[in-house]
Amino acid sequence: MKHITLKIVLCAITVLLPVILSAQTATKLDLTTLIRTQKGLPVKGAIVTSEQDNISTQTDSMGIFSLQVSPNAKLSISTLGNEVQFVTATPGLQEIVLEVEQLVQVAYRKENVDDLLGGISYVNLPELLDKNYITYPLENMEAFVPGFHGNLWGMNEYLVLVDGVPRDLNSVQPTAIDQISFLKGISAVALYGSRAAKGAILITTKGGHIGEQTIDVRVNAGFHTPKGFPKYLGSAEYMTLYNEARINDGLEALYSEEEIYYHAVGDNPYRYPNVDFYSSDYLQEAYSLYDGTLEIAGGNQKARYYTNMGFMREGSLLNFGEAENNKNERFNVRGNVDMKLTDYISANVDLAAIFTSNVGVNTNYWEGAANIRPNRFTPLIPITFLEENDLTSWNLVEGTDNLINGRYLLGGTQLDQTNPIADVYAGGSNTFNSRQFQFNAGVDADLQNVLEGLTFSSLFGIDYATSYTQAFNNSYAVFEPAWNNYAGTDLISNLTRYGQDASSGDLNVSNSSYRQTIAFSGQLNYQTQLDNDHNISAMLIAGGFQRSSSGVYQGTNNANLGLHLGYDFRSKYYAQFNGAMVYSTMVPEDNRTAFSPTLSLGWRISEEDFLSSSSIVDDLKLSVSAGILHTDLDISDYYLYEAIYTQTDGAWYGWADLSAPAQSTDSRRGANPNMKLPKREEISVGLDASFFDNMLVVNGNVFMSKMTGLVDQLSVLYPSYFQTGWPNSSFIPYVNYNEDLRSGFDFGVNFNKQIGQVDWSLGLVGTYFTTEASKRAEFYEDEYQNRQGRPLDAIWGLESDGFFESTEDIANSPEPAFGEVQPGDIKYKDQNADGVINSQDEVYLGRGGWYGSPFTAGVNLTAKWNNFTFFALGVARSGAIGMKDNNYFWVNGQDKYSEVVRDRWTPETMDTATFPRLTTSGGNNNFRNSDFWTYSTNRFDLARVQVSYTFPESIVNGDFLKEFGVYVNGANLLTIAPNRDILELNIGGAPQTRFFNLGVKALF
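About the criteria used
Residues numbered from 1 in each chain as written. Predicted model: local features only at pLDDT ≥ 70, side-chain atom pairs only at ≥ 80, totals over all residues. Heavy atoms only, no water. Helix = DSSP H or I, 4+ residues; strand = E, 2+ residues; numbered from the N terminus. Buried < 20%, exposed > 50% of the residue type's maximum accessible area, 1.4 Å probe, protein only. Contact = heavy atoms within 4.5 Å. Areas by Shrake-Rupley, 256 points an atom, 1.4 Å probe, with all protein chains shown as cover. Lys, Arg positive; Asp, Glu negative; His and termini not counted. Charge placed at Lys NZ, Arg CZ, Asp CG, Glu CD. Pairing = 2+ DSSP bridges. Polar contact = N/O pair within 3.5 Å; in protein donor to acceptor, adjacent residues only side chain to side chain. Arc of directions from axis to C-beta. Axes fitted to C-alpha atoms, helices over the stretch in contact; angles between N-to-C directions. Phe/Tyr/Trp six-rings, centres within 6.5 Å; stacked < 30°, edge-to-face > 60°. Parallel < 35°, antiparallel > 145°, perpendicular 65-115°, else oblique. Nonpolar A, V, L, I, M, F, W, Y, C, P; charged D, E, K, R; others polar. Core = buried A, V, L, I, M, F, W, Y, C linked by side-chain atoms within 4.5 Å. Salt bridge = Lys/Arg side-chain N within 4 Å of Asp/Glu carboxyl O. pLDDT = per-residue confidence, 0-100. Expected span 1.5 Å × (residues − 1).

1. Structural notes on the overall build of the chain
Phase 1 of the analysis: Per the secondary structure count, the chain includes 11 helices and 52 strands.
Phase 2 of the analysis: Summarising its shape, the C-alpha atoms of the chain cover approximately 140 × 75 × 60 Å along the three principal directions.
Phase 3 of the analysis: Burial status across the chain gives 49% buried among its 1004 residues.
Phase 4 of the analysis: For the chain, contacts bridging at least 24 residues in sequence account for 70% of all contacts bridging at least 6.
Phase 5 of the analysis: When the accessible surface of the chain is summed, it comes to about 47300 Å², and 53% of that surface belongs to carbon and sulfur atoms.
Phase 6 of the analysis: Positive and negative side-chain charges of the chain, numbering 68 and 114 respectively, have mean locations separated by a distance of 8 Å.

Here's what the structure looks like:
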């Protein structure tokens, strides 16, 4: 029996051994597989892991991964914000379709994109950066986000939250951002309380992922080139026209023909200066910008980590003196860790530090460039022009500390003892330093042991920002030469020195400031599903923040208690209630709390029987939102509800002695114990739809928003004896009276289609809004001057009627009240026919677009072919006007003359002139708001073009370098506008620039 058993075992081993050996030596599967969503979009950054083979990888920008695994191995696929999904490795596995749930950050929670209600838009920034590298989070977002035009739905400010804490937009780099949410509707912002009443922008930063560590590196090198410079007249032309202006004013010419001639010839620009602040003597053709980013991420089921480090350095257009060292530098580091402490408790910690250093000179060069006339002085005086026997002047040369390049003295006059050019050479330099430190900590708890579906979340954040300026402040001497030509050559007879050279070497610290922000929120969340049909959610939130700043006695406070209730039936019928009990100390104690309710309803029409089987309509959802939100954003200061009394010295005469002023107590403001919080009252209707298997995606909103109870001190509502002009006294209180109305619509259309081998994506977004001062207390004599019923950004001024042609024309026209006029001055229409031109003749001229152009549209185009991606973006704005009211256009007195004066009025050019006569007076009649100076700001900007190339995997070694790509882009490339020259003109500041960039990115 023993031998029989042994034979059976040996036979079994003989039979099974080849099978065992075959299994042990089986060839592994080489998978190259695409992962996409149900909508056909590639899933980038998905972590694919085979536990059996102890190996993992990540999908590239095309959604493709390559992996060598055992046959029938179980692959886990992990994506951010979604549950881990599993597939089996088979030889034919060429494509995996993931059920990806796109989550969008909204107030205190994340919500499925298909279930959004109430005016919410979002941008996933990593997807955008792959084709459009930007360095500012909201750069050109008008081309991606319906309802965003620099503000949201026509409002004039919005709240910015970075990971739930109020922070500056520039405190976070785009490479560190995962998603930006734009909360436009009243229901979307209600849970944030008063300070978000005009919209909110939520920035969610990146976190770690489950899987092997990844390292992303991005490096950019680019340069700025000026679009153009202001065009000012040279010395000779300026002097000629200035003489004309004096003659127009009945004065003698100031400059002789000989002087003008020598300035025009330019043989000796040191004696006859013709200073061009925008020439290559002072400016370079371009300046550089470099930046780099390193991202490290990874983790497992217990902990995930993410780190972002970045550096930026930017140069300057100035290229002489101390300005050669001008630069802006920034270093930032941001990191976070998400930890699962137990099966029921998790925590997260975020840290960030931002260091900026801006090195500059102790002057505003551009302001001087816009104001200093070209013939005033020579900036530099060559010592080679000094006479050899002028020992006094040579002693001055020996005694100066600022001999530029060993050859030049600093020029000036008694009236120009300092000037921007000398400041750049010898005035010293400064460094503005800014430091920001940010900290977040949160704890989440699963309370399923108390109630299934119940969780708790909390957040605590504290930020500290400080800034100061370090400067070396030097003084210097300037020299004014006296010239002669008795030897037949221009020489300097003598030098007059103004000022002294002094450089203490002391480092001065000034402009120190700090700001601290503390934020906290705690919330109970509940979510459940009944019978697989009824989805119920609820949140109870306590949140708020406080911001204090140096030099500000009363900081910014926001505290509220929020409630969210949500219901949907099979993702077909929706109802959401969002409300908050707000608290504000800007109103009297009895009125400091107020409840703000909002309600949103939604209907997915595409789920109804008559559309559910449609081959055209994929999704069609209609929503409506309405509510009332109390806010203190439009209350300008604290304690406006209290009466104010001040002590004055010498405001009144004493009873017995008229020559002895007496002290008195005067009222400055009356009390209003009934002041309340203003309200935003709004209703909006939204539409979301997709057609033809998501080839066409459409969304949009129509909204009407009213701000009521706005606070103002309105003298019109009270008898005149409530206030006096001298002594300054008033008993008029601040009251809730004014009302503003905003209405409009936004839309977004996206077209996605593969044509041949090219994947095309075209996006078009737009926003149109109107504003109206719907209620005002006013007392204008003429109805056409009433502000009520006019836009909030209305521009008012006179209506021009050509130029005065002659003294007879002046005599036969209404009398101007702004000073004496002459032929060539602007003539205005007498709106009220009282025979006088004054402020009562001002009329509505147009909208200024101060809170965004009335109509803003953006278009973005993406084309992908093989490993190439082409991207272009444009933004159009229309419906607003501007006023040419700076000293480039309003040229009077001793202003520097720009090219616009060439088209001035003269008796010879009266039929073609487009500019009033020249004058050395104030020109009060001409240089005031009128339609003569308005211009259309309509424009289309080609804001961005980028071409990217990702090297194929056959070139990139996937073991170490998983992805490698290069790209070139340009920004602010082209402006098409009827007044492009004005729109691209910067006066008193650095010029607008185009930007060109080369970038490299790699994934390890």
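2. A few points about the pairing of strand E26 (residues 508–530)
Phase 1 of the analysis: Sheet analysis places strand E23 (residues 454–473) next to E26, joined by 17 bridges and oriented antiparallel. Bridge pairing in E26 places Leu-454 opposite Tyr-526.
Phase 2 of the analysis: For E26 and strand E27 (residues 534–549), the ladder comprises 16 bridges, and the chain directions are antiparallel. Bridge assignment links Leu-530 to a residue of E27, and that residue is His-534.
Phase 3 of the analysis: Once E26 ends, the chain turns through 3 residues before running back antiparallel as E27, passing Asp-531 with a positive phi of about 55°.

3. Quick look at the side chain of Glu-244
Phase 1 of the analysis: Here Glu-244 lies in helix H4 (residues 235–248).
Phase 2 of the analysis: Among the polar contacts made by the side chain of Glu-244, one reaches the side chain of Arg-904 at a distance of 2.7 Å.
Phase 3 of the analysis: Beyond its immediate chain neighbours, meaning those up to four positions away, Glu-244 contacts Arg-904, Thr-906 and Leu-918.

4. A word on helix H7 (residues 391–399)
Phase 1 of the analysis: Where H7 is concerned, the buried positions are Ser-393, Leu-396 and Val-397. Along the axis of H7, the buried positions cluster into a sector of 100°, meaning they face one direction only. Away from the buried face of H7 by more than 90 degrees, exposed residues Leu-391, Thr-392, Asn-395, Glu-398 and Gly-399 are located.
Phase 2 of the analysis: Check the buried side of H7 and you find it contacts strand E21 (408–410), strand E24 (478–484) and strand E25 (491–498).

5. Some points on the environment of Glu-127
Phase 1 of the analysis: Relative to the assigned elements, Glu-127 resides in helix H2 (residues 125–129).
Phase 2 of the analysis: Taking the C-alpha atoms as reference points, Glu-127 and Phe-855, 728 residues apart in sequence, are found 27 Å from one another.

6. Some words on the sheet that holds strand E7 (residues 95–98)
Phase 1 of the analysis: If you walk across this open sheet you meet the 3 strands as E4-E1-E7, and the pairing is mixed. Where the open sheet ends on each side, the last strands, each with one partner, are strand E4 (64–69) and E7. Strand-to-strand twist across the sheet, computed as the mean angle between neighbouring axes with direction ignored, equals 35°.
Phase 2 of the analysis: Judged from the 4 bridges that link them, strand E1 (residues 29–37) and E7 form a sheet pairing that is parallel. Of the residues in E7, the one forming a bridge with Thr-37 is Leu-98.

7. Looking at the sheet that holds strand E11 (residues 159–162)
Phase 1 of the analysis: Ordered in space as E10-E13-E14-E11-E12, the 5 strands form an open sheet in which the pairing is mixed. Two strands bound the open sheet, and with one partner strand each, they are strand E10 (120–124) and strand E12 (165–166).
Phase 2 of the analysis: One ladder, built from 4 bridges, connects E11 with strand E14 (residues 200–205); its direction is parallel. Residue pairing across strands places Leu-159 opposite Ala-200, the latter belonging to E14.

8. Focus: the packing of aromatic side chains
Centre distance and the angle of the planes are the two values used to describe a pair of aromatic rings.
Phase 1 of the analysis: Here the structure, examined in full by the defined rule, presents 47 aromatic pairs.
Phase 2 of the analysis: Ring geometry for Phe-148 and Phe-182: centres 5.4 Å apart, planes at 55°, overall tilted. Separated by 34 residues along the polypeptide, Phe-148 in the loop between H2 and E11 and Phe-182 in strand E13 (residues 177–183) bring together distant segments of the chain.
Phase 3 of the analysis: A ring pair is formed by Tyr-232 and Tyr-278, whose centres lie 6.3 Å apart and whose planes are at 15°; its orientation type is stacked.

9. Considerations on unusual backbone geometry
Phase 1 of the analysis: Positive phi values are uncommon outside glycine, yet Asp-163 reaches one of about 55°.
Phase 2 of the analysis: Tracing the sequence through the fold places Asp-163 in the loop between E11 and E12.
Phase 3 of the analysis: For Asp-163, a relative accessible area of 17% puts it in the buried group.
Phase 4 of the analysis: If you check the backbone angles, Asn-972 has positive phi at about 55° while not being a glycine.
Phase 5 of the analysis: Here Asn-972 lies in strand E51 (residues 963–976).

10. Some details on the packing of H4 against helix H5 (residues 257–265)
Phase 1 of the analysis: Closest axis-to-axis distance for the H4/H5 pair is 7 Å, and the angle between their directions is 155°. Put simply, H4 runs roughly antiparallel to H5. Each of Ser-235, Ala-236, Met-239, Thr-240 and Asn-243 in H4 lies in contact with H5, whose residues at this interface are Glu-259, Ile-260, His-263 and Ala-264.
Phase 2 of the analysis: Residue composition of the contact of H4 with H5, by class: 4 nonpolar, 4 polar and 1 charged.

11. What to know about the nonpolar core
Generally speaking, nonpolar side chains in soluble globular proteins are found buried as a group.
Phase 1 of the analysis: Counting 66 residues, the largest nonpolar core has Tyr-365, Leu-410, Tyr-897, Val-901 and Trp-933 as the members making the most contacts within it.
Phase 2 of the analysis: Of all the secondary structure elements, the ones that give two or more residues to this core are H4, helix H6 (365–369), E21, helix H8 (420–426), strand E43 (826–828), strand E48 (881–883) and helix H11 (980–983).
Phase 3 of the analysis: In terms of residue count, the dominant contributor to this core is H4 (6 residues).
Phase 4 of the analysis: Among residues more than four places away in sequence, those in contact with Trp-933 are Ile-826, Gly-882, Met-883, Lys-884, Phe-889, Trp-890, Phe-915, Pro-916, Asn-926, Phe-927 and Arg-928.

12. What about the pairing of strand E35 (residues 696–713)?
Phase 1 of the analysis: Of the pairings in the sheet, the one linking strand E34 (residues 679–691) to E35 comprises 13 bridges and is antiparallel in character. Across the sheet, residue Glu-682 finds its bridge partner in E35, namely Ser-705.
Phase 2 of the analysis: What sits between E34 and E35 in their antiparallel hairpin is a turn of 4 residues, with Phe-692 showing a positive phi close to 55°.
Phase 3 of the analysis: With 16 bridges connecting them, E35 and strand E38 (residues 734–755) associate as antiparallel partners.

13. A few points about the pattern of salt bridges
Phase 1 of the analysis: Evaluated as defined, the whole model comprises 34 salt bridges.
Phase 2 of the analysis: With its nearest N and O atoms 3.0 Å apart, the salt bridge here joins Asp-825 to Arg-917. Here the residue Asp-825 occupies a position in the loop between strand E42 (815–816) and E43, and Arg-917 occupies one in the loop between E48 and strand E49 (934–936), the gap between them amounting to 92 residues. The two residues Asp-825 and Arg-917 agree in class, both being buried.

14. As for the environment of Lys-753
Phase 1 of the analysis: Residue placement: Lys-753 occurs in strand E38.
Phase 2 of the analysis: Along the primary structure Lys-753 and Ile-296 are separated by 457 residues, whereas in three dimensions their C-alpha atoms are 35 Å apart.
Phase 3 of the analysis: Those residues in contact with Lys-753 that sit more than four places away from it in its chain are Met-695, Val-758, Asp-759 and Trp-760.

15. Things to note about the environment of Asp-281
Phase 1 of the analysis: Inspection of the secondary structure puts Asp-281 in the loop between H5 and strand E16 (287–299).
Phase 2 of the analysis: In this structure, Asp-281 is in contact with Asn-319 and Phe-320, ignoring residues within four places of it in sequence.

16. Examining the confidence of the model for the chain
Phase 1 of the analysis: Of the residues in the chain, 95% reach a pLDDT of 70 or more, and the chain-wide mean stands at 91.
Phase 2 of the analysis: A low-confidence stretch, residues 4–25 (pLDDT under 50), is modelled with 0 contacts involving residues beyond four sequence positions or located in other chains.

17. Section: the side chain of Thr-204
Phase 1 of the analysis: Tracing the backbone through its elements, the reader meets Thr-204 in strand E14.
Phase 2 of the analysis: Apart from residues lying up to four places away in sequence, Thr-204 is in contact with Gln-105, Lys-110, Asp-163, Ile-177, Asp-178 and Gln-179.

18. Considerations on H4
Phase 1 of the analysis: Along its 14 residues, H4 runs 20 Å from first to last C-alpha, staying within 8% of the 20 Å computed at 1.5 Å per residue.
Phase 2 of the analysis: Counting buried positions over the 14 residues of H4 gives 10, a clear majority of the element.
Phase 3 of the analysis: Where H4 is concerned, the buried positions are Ser-235, Ala-236, Tyr-238, Met-239, Leu-241, Tyr-242, Asn-243, Glu-244, Ala-245 and Arg-246.
Phase 4 of the analysis: Along its buried surface, H4 packs onto H5.
Phase 5 of the analysis: Positive phi appears at Gly-250, one or two residues downstream of H4, with a value of about 80°.

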